[in-house]
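# Chain and residue survey
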Amino acid sequence: PPTEEIRANLNAKWRGHVNKSERSNFVVKSGSAEDLFQSFVKNHRELIEERGFKTTVTPELLQALQDAFDEKQKMRIYLAYIEGELVASTLMVRYGNVCEYLAGNLAPAGRKFGTGQGLLWQAIVDMKELGCVRLDVSGMDPIATPKGIYDFKNGLKPEPYRMSGELEANGWNIFS
């Protein structure tokens, strides 16, 4: 659907945060340049350490992924600044015409202005302009996902899906 329709279908509170962030006149730096990626990784590492956050999306994993991608596949980084201070960051990855919100970070100063929502909204618009037709919000389980992250992603009104669990074939030796 057109960008205007997507925005109109966001949760009203989430859309209000986007509006608030736009009034804050935050400045965005975006792209796939190495310096932007390193700023994201540094910000991500600080968030994990400060909050004692448990995640499989570690700075080391992100670095390994970025190093493995060729130039056209590099992840896209979005950094939001208010008065020169980094207040939010978002990392997007593309798979053909699908994009995934892989990770995001938000400082208290950014929360005050709804910058997390505003920055992700800018990333969504950008990804759409780059030809993406679907967005995967990446890991949103009502039990396993921390409430704040779940509520943030839920504001996009995503269509839930569940992947199958892992299966083991006990007693089978398929390699002999």
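Above this text you will find the structure in question.
The notes below deal with the structure included here. (Residues numbered from 1 in each chain as written. Predicted model: local features only at pLDDT ≥ 70, side-chain atom pairs only at ≥ 80, totals over all residues. Heavy atoms only, no water.)

### Some words on the overall build of the protein chain
Along the protein chain, the regular secondary structure elements total 7 helices and 5 strands. Across the protein chain, helices and strands are ordered from the amino to the carboxyl terminus as α-α-β-α-α-β-β-β-α-α-β-α. In summary, the protein chain has a C-alpha radius of gyration of 17 Å against a globular reference of 16 Å for 176 residues, a match within 12%. A principal-axis box enclosing the C-alpha atoms of the protein chain has dimensions of 65 × 35 × 35 Å. Counting over 176 residues, the protein chain shows a buried share of 37%. Taking as baseline every contact in the protein chain between residues at least 6 positions apart, the subset at least 24 positions apart corresponds to 64%. For the protein chain, the accessible surface area stands at approximately 11100 Å², while carbon and sulfur atoms represent 53% of it. When the 22 positive and 23 negative side-chain charges of the protein chain are each reduced to one mean point, those points stand 7 Å apart. (Helix = DSSP H or I, 4+ residues; strand = E, 2+ residues; numbered from the N terminus. Rg over C-alpha atoms; globule rule 2.2 N^0.38 Å. Buried < 20%, exposed > 50% of the residue type's maximum accessible area, 1.4 Å probe, protein only. Contact = heavy atoms within 4.5 Å. Areas by Shrake-Rupley, 256 points an atom, 1.4 Å probe, with all protein chains shown as cover. Lys, Arg positive; Asp, Glu negative; His and termini not counted. Charge placed at Lys NZ, Arg CZ, Asp CG, Glu CD.)

### Comments concerning the packing of helix H3 (residues 34-51) against helix H4 (residues 59-68)
Closest axis-to-axis distance for the H3/H4 pair is 9 Å, and the angle between their directions is 160°. Judged on the interaxial angle alone, H4 and H3 are roughly antiparallel. By crossing handedness, the relation of H3 to H4 is classed as right-handed. The segment H3 lies against H4, with Glu 34, Phe 37, Gln 38, Phe 40, Val 41, His 44, Arg 45 and Ile 48 engaging Pro 59, Glu 60, Leu 62, Gln 63 and Gln 66. (Axes fitted to C-alpha atoms, helices over the stretch in contact; angles between N-to-C directions. Parallel < 35°, antiparallel > 145°, perpendicular 65-115°, else oblique. Left-handed = near helix turned anticlockwise from the far one by under 90°.)

### Some thoughts on the packing of aromatic side chains
Summed over the entire model, instances satisfying the criterion amount to 0 aromatic pairs. In this arrangement the basic side chain of Lys 29 is found over the ring face of Tyr 81, its NZ or CZ atom lying 5.0 Å from the centre. (Phe/Tyr/Trp six-rings, centres within 6.5 Å; stacked < 30°, edge-to-face > 60°. Lys NZ or Arg CZ within 6 Å of the ring centre and 35° of its normal.)

### Looking at H4
Buried within H4 are the following residues: Pro 59, Leu 62, Gln 63 and Gln 66. Projection of H4 onto a plane perpendicular to its axis shows the buried side chains occupying an angular sector of 100°, all on one side. Buried residues in H4 make contact with H3, strand S2 (76-82), strand S3 (85-95) and strand S4 (98-106). (Arc of directions from axis to C-beta.)

### Things to note about the pairing of S2
Within S2, 6 of the 7 residues are buried, which leaves the element mostly enclosed by the surrounding structure. Across 5 bridges, the pairing between strand S1 (residues 27-31) and S2 is antiparallel. Counterpart to Lys 29 in the pairing with S2 is Leu 79. The sheet contact formed by S2 and S3 spans 7 bridges and is antiparallel. Its bridge partner being in S3, Ala 80 is matched across the sheet by Ala 88. As consecutive antiparallel partners, S2 and S3 are separated by 2 residues, and within that stretch Glu 83 has a phi angle of approximately 50°, a positive value. (Pairing = 2+ DSSP bridges.)

Everything listed here is a matter of coordinates, which is why it stays silent on function.
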